[in-house]
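Summary of structural features
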Amino acid sequence: AELVLHGHTHRADLSWIETAAGRVPVLGAPACGMAREPGRDAGAWHRLALAHGPEGWRLALVERRIGPSGGIEDGARLSLTLPRAKVAPLTAAP
């Protein structure tokens, strides 16, 4: 895998898994329906854009969240190049 996505962690999360192909990002999206409360983030989600370039896949992320007035606003931004997965070639069955 070149990227792992998961959701509903109640917070945005970025961690990494070490693989034979290199470090693979693990992105967690917060729950989008959470109410803003003291000590707790408001609901948010990630808008992702993927583009293929000469160095591999490029990921651009913008967090979209519920602002203090209840409207939608941009939050954190992230941009990175994903590692190329090393895939063994398929062989014909005997």
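Model, not experiment: these values are computed from the prediction. (Residues numbered from 1 in each chain as written. Predicted model: local features only at pLDDT ≥ 70, side-chain atom pairs only at ≥ 80, totals over all residues. Heavy atoms only, no water.)

Considering the overall build of the protein chain
Scanning the protein chain for helices and strands turns up zero helices and six strands. Along the chain direction, N to C, the helices and strands of the protein chain fall in the order β-β-β-β-β-β. The buried share of the protein chain, taken over its 94 residues, is 24%. For the protein chain, the proportion of contacts with a sequence separation of at least 24, taken over those separated by at least 6, is 27%. Of the roughly 6400 Å² of accessible surface on the protein chain, 58% is carried by carbon and sulfur atoms. (Helix = DSSP H or I, 4+ residues; strand = E, 2+ residues; numbered from the N terminus. Buried < 20%, exposed > 50% of the residue type's maximum accessible area, 1.4 Å probe, protein only. Contact = heavy atoms within 4.5 Å. Areas by Shrake-Rupley, 256 points an atom, 1.4 Å probe, with all protein chains shown as cover.)

Considering the nonpolar core
As a rule of thumb, nonpolar side chains are buried together in soluble globular proteins. Leu 27, Leu 59, Leu 61, Leu 80 and Leu 82 together form the largest nonpolar core, which totals five residues. Setting aside residues up to four positions removed in sequence, Leu 59 forms contacts with Leu 3, Leu 27, Leu 48, Ala 49, Leu 50, Leu 78, Ser 79, Leu 80 and Leu 82. (Core = buried A, V, L, I, M, F, W, Y, C linked by side-chain atoms within 4.5 Å.)

Observations regarding the environment of Arg 65
As for its position among the elements, Arg 65 is in strand 5 (residues 56–66). Residue classification places Arg 65 among the partly exposed positions, given a relative accessible area of 29%. The spatial distance from the C-alpha of Arg 65 to the C-alpha of Gly 33 is 9.9 Å, given a sequence separation of 32 residues. Ignoring anything within four residues of it in the chain, the contact list for Arg 65 reads Gly 43, Ala 44, Gly 71, Ile 72, Glu 73, Asp 74, Gly 75 and Ala 76.

Quick word on the pairing of strand 6 (residues 72–81)
Judged from the eight bridges that link them, strand 5 and strand 6 form a sheet pairing that is antiparallel. Within strand 6, the position partnered with Arg 58 by the bridge is Thr 81. In textbook terms, the turn of a hairpin is the stretch between consecutive antiparallel strands, and for strand 5 and strand 6 this stretch comprises five residues, one of which, Gly 70, has a positive phi near 95°. (Pairing = 2+ DSSP bridges.)

Let's talk about the pattern of salt bridges
In the structure shown here, the tally under the stated rule is four salt bridges. Between Arg 65 and Glu 63 there is a salt bridge whose closest N-O contact spans 3.5 Å. Overall, the relative accessible area of 11% leaves Glu 63 in the buried class. As a salt-bridge pair, Arg 65 and Glu 73 come within 3.0 Å of each other at their nearest N and O atoms. In this structure Glu 73 comes out as partly exposed when scored by relative accessible area, which is 28%. (Salt bridge = Lys/Arg side-chain N within 4 Å of Asp/Glu carboxyl O.)

Read these as layout, nothing more, since geometry by itself doesn't imply function.
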